[in-house]
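Examining the three-dimensional arrangement
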Protein chains: 2
Amino acid sequence: MEHVNQRKSTTTVKRQTGGRRGTSMAGAVSERRDHLVKLAAELFARKGFQATTVRQIAEEAGILSGSLYHHFDSKEAIVDEVLRTFLEDLIARYRAALHSDGDPRAVLSEMVRIGFGTLELHRAAITVMQNDWSYLRSLPDNRFDYLVKAEDEVERMWIEQIKRGQAVGQVRGDVDPKLTYRMIRDTIWVAVRWFRPGGRLNTAGLAEHYVKVLFDGLATGDRTSQQA
Amino acid sequence: MEHVNQRKSTTTVKRQTGGRRGTSMAGAVSERRDHLVKLAAELFARKGFQATTVRQIAEEAGILSGSLYHHFDSKEAIVDEVLRTFLEDLIARYRAALHSDGDPRAVLSEMVRIGFGTLELHRAAITVMQNDWSYLRSLPDNRFDYLVKAEDEVERMWIEQIKRGQAVGQVRGDVDPKLTYRMIRDTIWVAVRWFRPGGRLNTAGLAEHYVKVLFDGLATGDRTSQQA
DNA sequence: GTCTATAACGCGATAGAC
DNA sequence: GTCTATCGCGTTATAGAC
């Protein structure tokens, strides 16, 4: 029922032409704008950033493509907002988990849950990030440099916890922390490819399944029956 | 302005001078052609299928874009050949592993090794498959239906081995076979994002690391120290 | 805030000479 | 097997009316 957009007013925030960009801070946020971003995100996720045209985005919103440029400087500015919003939320959640004072295994488990949790909330953004990351990074300008910066910060947080786990004996010492982090990260994010809300398993179930296998392994407790 | 939607007729597949193609089987394979496919695959992997232009492919080969159409019917025909070649090789390797008479854990370990092994041989194809899968599948024609067919066959092979493992007590019974398969598959393929030949670890080391964690878990043997 | 109209450009693909 | 030349179309983005 999101057809409403006749709502004029809301203190017209001038976000255009010469306006800010880059920081994503910004106070007064237009609901209309957010709605457009959300529509665009779904299209980007479904068809890919490049294959999605501004005409399609506009059509989805019930306006013409030219009108989109009243709200955004460019198509890239839209996907920029999609990704930036997601990454800010993700990192904030991770930070909260790190400040929870849990032991490393508890924190790592929580981080896994956070990851799967964002699958539901930010499915479109995660899909775009995965499918179009390398293209966006390959663009001539530096607009998307923050993607790498955010990735690095997340990596630092994970690896720190894995090493803490090894230090206190909760994580086996013979695994490579960086490699292990990548393994975990990839496994979580890539699930957006097939995960659909409302399916057989929700993200919480998914997370528990993964935590179980991740920590205790696929093998049965009987380690004698195992050969390489 | 007419927006009469006149689709390019995709039904008229005209064969190319020089005959043969399609099945990738066989005989007189043009080295020239294969070279072009390889160049294109690298570009597709680096920039994405859509962002790669036929002019770029031709330039890489030192010819002009028009000349490409002596070898291929279309840009799609090129990526088709990239993916088809990879999938045929992958499935052949899996089949060999299944016929090895090993116990389930040995077969599953071998399948993990095969997966990581193809990372080196088919890095570009795997990247394209991951990044452009949904776009190619969304095309109006049925050209890429075989992607799903191949995926299904691979899934069947994995799940069969996981269930066999559970039946003989080598794989714990409380994991979901399908979910576990997806977890493994995703973890392997997605490594193309960061794996670079000649790096700190080769694919064999990568595979062993993963087999270790996958079967025995991240946790230390001391299961009393584990909560949650 | 949206529409009309269009500029400016790059794309995949084709025809025919050589 | 490649080049020259080009067609037809879709694309992002802009300018100005309303």
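Predicted model, so just to flag it, every value in this text is computed and none were measured.

Here we come to the relation of the copies chain B and chain A. If you rotate chain B by 180 degrees and push it 0.1 Å along the axis, it lands on chain A with an RMSD of 0.1 Å. Viewed as a symmetry operation, the transformation between the two copies matches a two-fold axis. By C-alpha distance to the rotation axis, the residue of chain B lying nearest is Gly217 of chain B, at 1.8 Å. When the interface residues of chain B are mapped onto chain A, 100% of them are again interface residues, pointing to one common binding face.

Once that is clear, we can look at the interface of chain B and chain A. Taken together, the contact pairs 50 residues of chain B with 51 residues of chain A. For the pair chain B and chain A, the two sides together bury roughly 5000 Å², of which 51% comes from carbon and sulfur. Between Asp174 of chain A and Lys212 of chain B there is a salt bridge whose closest N-O contact spans 3.7 Å. The tally of links between chain B and chain A comes to 25 residue pairs in polar contact (both at pLDDT 80 or more). Sorting the residues of the side of chain B that touches chain A by element identifies helix H1 (31-47), helix H5 (104-121), helix H6 (123-137), helix H8 (177-189) and helix H9 (203-216) of chain B as the ones contributing at least two each. It is H8 of chain B that provides the largest number of residues to the side of chain B that touches chain A, a total of nine residues. Among the residues forming the side of chain B that touches chain A, the class breakdown is 19 nonpolar, 14 polar and 17 charged.

Residue and element names in this part refer to chain A. Between helix H4 (residues 75-98) and helix H5 (residues 104-121), whose axes approach to 10 Å, the crossing angle comes to 155 degrees. Accordingly, the angle class assigned to the pair H4 and H5 is roughly antiparallel. Crossing hand, H4 versus H5: right-handed. Residues Phe86, Asp89, Leu90, Arg93, Tyr94, Ala97 and Leu98 of H4 form the contact with H5, whose participating residues are Val107, Glu110, Met111, Ile114, Gly115, Thr118 and Leu121. Taken together, the residues of the contact of H4 with H5 sort by class into nine nonpolar, two polar and three charged.

A full pass over the atoms with the stated rule returns five cavities of 30 Å³ or more. Space inside the largest cavity adds up to approximately 110 Å³. Around the largest cavity, the lining comprises 15 residues; the ones closest to its centre are Asn131 and Asp132 of chain A together with Gln50, Asn131 and Asp132 of chain B. At the level of secondary structure, the elements contributing two or more residues to the lining of the largest cavity comprise helix H6 (123-138) of chain A together with H6 of chain B. Residues of the lining of the largest cavity, tallied by class, amount to three nonpolar, eight polar and four charged. For the lining of the second largest cavity, the secondary structure elements donating two or more residues are helix H9 (203-216) of chain A together with H8 of chain B. Considering every element that reaches the lining of the second largest cavity, the biggest residue donor is H8 of chain B, with four residues. Residue composition of the lining of the second largest cavity, grouped by class: seven nonpolar, two polar and two charged.

The predicted model of chain A averages 88 in pLDDT, with 85% of residues at 70 or higher. For residues 1-14 of chain A, every residue scores under 50 in pLDDT, and the model assigns this stretch five contacts once sequence neighbours within four places are set aside.

Conventions we followed
Residues numbered from 1 in each chain as written. Chains lettered and ligands numbered in written order. Predicted model: local features only at pLDDT ≥ 70, side-chain atom pairs only at ≥ 80, totals over all residues. Heavy atoms only, no water. Least-squares fit on C-alpha atoms with pLDDT ≥ 70 in both. Contact = heavy atoms within 4.5 Å. Buried area = accessible area lost by both parts, 1.4 Å probe. Salt bridge = Lys/Arg side-chain N within 4 Å of Asp/Glu carboxyl O. Polar contact = N/O pair within 3.5 Å; in protein donor to acceptor, adjacent residues only side chain to side chain. Helix = DSSP H or I, 4+ residues; strand = E, 2+ residues; numbered from the N terminus. Nonpolar A, V, L, I, M, F, W, Y, C, P; charged D, E, K, R; others polar. Axes fitted to C-alpha atoms, helices over the stretch in contact; angles between N-to-C directions. Parallel < 35°, antiparallel > 145°, perpendicular 65-115°, else oblique. Left-handed = near helix turned anticlockwise from the far one by under 90°. 1 Å grid on protein atoms, 1.4 Å probe; cavity = no way out; pocket = protein on both sides within 12 Å on 5 of 7 lines; lining within 4 Å. Points joined across faces, edges and corners; volume = space filled by probe spheres on them. pLDDT = per-residue confidence, 0-100.

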